[in-house]
Amino acid sequence: MKFLSTIEGEGKERILKELESIVGSEYVSSSREITFLYHWDFVTAEKPGCCDFVVMPSSTEEVQEIVRLANREKIPVIPWVSGMNFGGICIPRKGGIVVDLRRMNKVLEVNEDDMYAVVEGGITWGDLKGYLEKHHPNLRAGITWSPAGTGVIPPYICYGMLDLGFIGGTGAEFINGLEVVLPTGEIVRVGSCICTNYWLGRAPLPDLVGLFIGWDGTTGIVTKAGIKLWPNLPRKDFIIIADTVDTGVKIFRKL
Ligand SMILES: Cc1cc2nc3c(=O)[nH]c(=O)nc-3n(C[C@H](O)[C@H](O)[C@H](O)COP(=O)(O)OP(=O)(O)OC[C@H]3O[C@@H](n4cnc5c(N)ncnc54)[C@H](O)[C@@H]3O)c2cc1C
């Protein structure tokens, strides 16, 4: 099987140099050994793809510069956290730049009163859970059953299934607001963070969060997100024994 880059020669060298000037040479690669790791999604039997560059930004501004460069050169951009989604949706199909967001893995703010956190776009479940357990043990997020190294933002923006789904719905319903770098490079915010310092909900303006949900990252790269938090109740694990699934679900809802 051949893995061919879509950009070769002088053009590739030039773009590589520009990416290096944005994030530093240690956070960009076009080598076959590194890019090969991003050609797969690890959990499906989807055919591998091929990217030309892997780049690891550390800020919204760096993401913006990368996207502007890609837009100018008309090459695809694929946001990536761990590539462990079930759909092969971040396999690079037409070359381009994989934007590995895992350096953007911080919790920027926790508001205990309004029960939300503001997190960066590449944060993993391990990062988030570890932070909350250490600094805010009375609060928790809705989480998936995926490995600790997988991304928080992907299941929130891709209608993922969270353990609090019975209370709140899909991952999308747990988003209060987003900061997104659009494919043209503009930075936009949606949710209450547009017009206040608080990321506590989607009001008061028209709700535009949907522009970035269910699009699998194709309408923009999420660099920050306000996500709902919940009381961390002492009772977490229980077994329900019921004669039918319907009865089990009814009991579960009451709990
Ligand atoms: C054992 C196992 C159990 C799992 N359990 C669950 C579960 O219970 N519930 C569930 O919902 N999922 C589950 N998953 C699926 C998946 O692993 C999780 O949803 C995970 O959190 C996704 O993160 P990721 O790092 O794999 O995303 P990635 O595969 O890196 O990205 C997924 C998509 O989001 C896009 N994307 C990533 N980051 C951004 C960003 N910042 N801005 C814009 N687009 C972005 C990517 O381009 C891609 O299209 C499970 C997977 C495994 C292997």
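Residues numbered from 1 in each chain as written. Predicted model: local features only at pLDDT ≥ 70, side-chain atom pairs only at ≥ 80, totals over all residues. Heavy atoms only, no water.

Asks: Break down a nonpolar patch on the surface for me, citing the residues and quoting the values.
Replies: A cluster of nonpolar side chains, namely Phe42, Val43, Met84 and Phe86, defines an oily patch on the protein surface of about 430 Å² accessible area. Following the sequence through the fold, Val43 ends up in the loop between helix H2 (32–35) and strand S2 (53–55). Its relative accessible area of 37% is what places Val43 among the partly exposed residues. (Patch = residues over 30% accessible without salt bridge, like charges linked within 9 Å, V, L, I, M, F, W, Y side chains within 5 Å. Areas by Shrake-Rupley, 256 points an atom, 1.4 Å probe, with all protein chains shown as cover. Salt bridge = Lys/Arg side-chain N within 4 Å of Asp/Glu carboxyl O. Helix = DSSP H or I, 4+ residues; strand = E, 2+ residues; numbered from the N terminus. Buried < 20%, exposed > 50% of the residue type's maximum accessible area, 1.4 Å probe, protein only.)

Asks: Any chance you could break down the sheet that holds strand S1 (residues 28–29) for me, citing the residues and the numbers?
Replies: Across the sheet, which stays open at both edges, the four strands sit in the order S1-S2-S4-S3 with mixed pairing between neighbours. Strand pairing shows two members of the sheet lacking a second neighbour, S1 and strand S3 (77–80), which therefore form its edges. Two elements, S2 and strand S4 (residues 97–100), share three bridges in a ladder whose sense is parallel. Within S4, the residue paired with Val55 across the bridge is Val99. Sitting on the sheet, helix H1 (residues 9–23) touches S1, S2 and S4, and the angle it makes with S2 is about 5°. (Pairing = 2+ DSSP bridges. Contact = heavy atoms within 4.5 Å. Axes fitted to C-alpha atoms, helices over the stretch in contact; angles between N-to-C directions.)

Asks: Mind laying out the pattern of salt bridges, listing which residues take part and the relevant values?
Replies: Taken as a whole and assessed by the stated rule, the structure comprises 13 salt bridges. Between Lys17 and Glu13 there is a salt bridge, with its nearest N and O atoms 4.0 Å apart. Of this pair, Lys17 and Glu13 both sit in helix H1, four residues apart, which is roughly one turn of that helix. According to the relative accessible area criterion, Lys17 is exposed, its value standing at 53%. The salt bridge partner of Arg14 is Glu73, with a shortest N-O separation of 2.8 Å. With a gap of 59 residues between them, Arg14 in helix H1 and Glu73 in helix H3 (residues 60–73) connect regions that are remote in the sequence.

Asks: So what's going on with the pairing of strand S9 (residues 187–191)? Which residues, and what values?
Replies: Strand direction decides the pairing type here: strand S8 (residues 175–181) and S9, joined by five bridges, are antiparallel. By the bridge assignment for S9, Val181 is matched with Ile187. In sequence, S8 turns back onto S9 through a hairpin of five residues, with Gly185 there showing a positive phi of about 100°.

Asks: A description of the site of the ligand should follow, citing residues and the corresponding values.
Replies: Residues in close proximity to the ligand total 32 residues, the closest being Pro79, Met84, Asn85, Gly151 and Met161. Met161 places a polar main-chain atom, nitrogen or oxygen, 2.8 Å from an oxygen atom of the ligand. Burial of the ligand by the protein chains amounts to 89% of its free accessible area of 970 Å². When residues of the shell around the ligand are traced back to their parent elements, those giving at least two are S3, helix H5 (153–157) and strand S10 (221–231). (Near = heavy atom within 4 Å. Polar contact = N/O pair within 3.5 Å; in protein donor to acceptor, adjacent residues only side chain to side chain.)

Asks: Can you explain the domain arrangement of the protein? Please cite residues and give values.
Replies: In many reports, interface size means the accessible area that the parts give up when they come together. Per the domain assignment, the segments making up the protein are domain 1 (9–100) and domain 2 (107–231). Here the C-alpha centroids of domain 1 and domain 2 sit 23 Å apart. Contacts between the two partners involve 14 residues from domain 1 and, on the opposite side, 24 residues from domain 2. One can count zero salt bridges joining domain 1 with domain 2. In this assembly, domain 1 and domain 2 are joined by three residue pairs in polar contact (both at pLDDT 80 or more). Among the secondary structure elements, those contributing two or more residues to the side of domain 1 that touches domain 2 are H3 and S3. (Domains from an automatic or database assignment.)

Asks: Lay out H1 in plain terms, naming residues and giving numbers.
Replies: Over its 15 residues, H1 extends 22 Å from the first C-alpha to the last, a length consistent with the 21 Å expected when each residue adds 1.5 Å. All of the buried residues in H1 are Gly11, Lys12, Ile15, Leu16, Leu19, Ile22 and Val23. End-on view of H1: buried residues confined to an arc of 130°, all on one side of the axis. Residues Glu10, Lys17 and Ser21 are exposed on H1 and point more than 90 degrees away from its buried face. Looking at the buried positions of H1, the neighbouring elements they touch are S1, S2, H3 and S4. Immediately downstream of H1, the backbone of Gly24 shows phi near 95°, a positive value. (Expected span 1.5 Å × (residues − 1). Arc of directions from axis to C-beta.)

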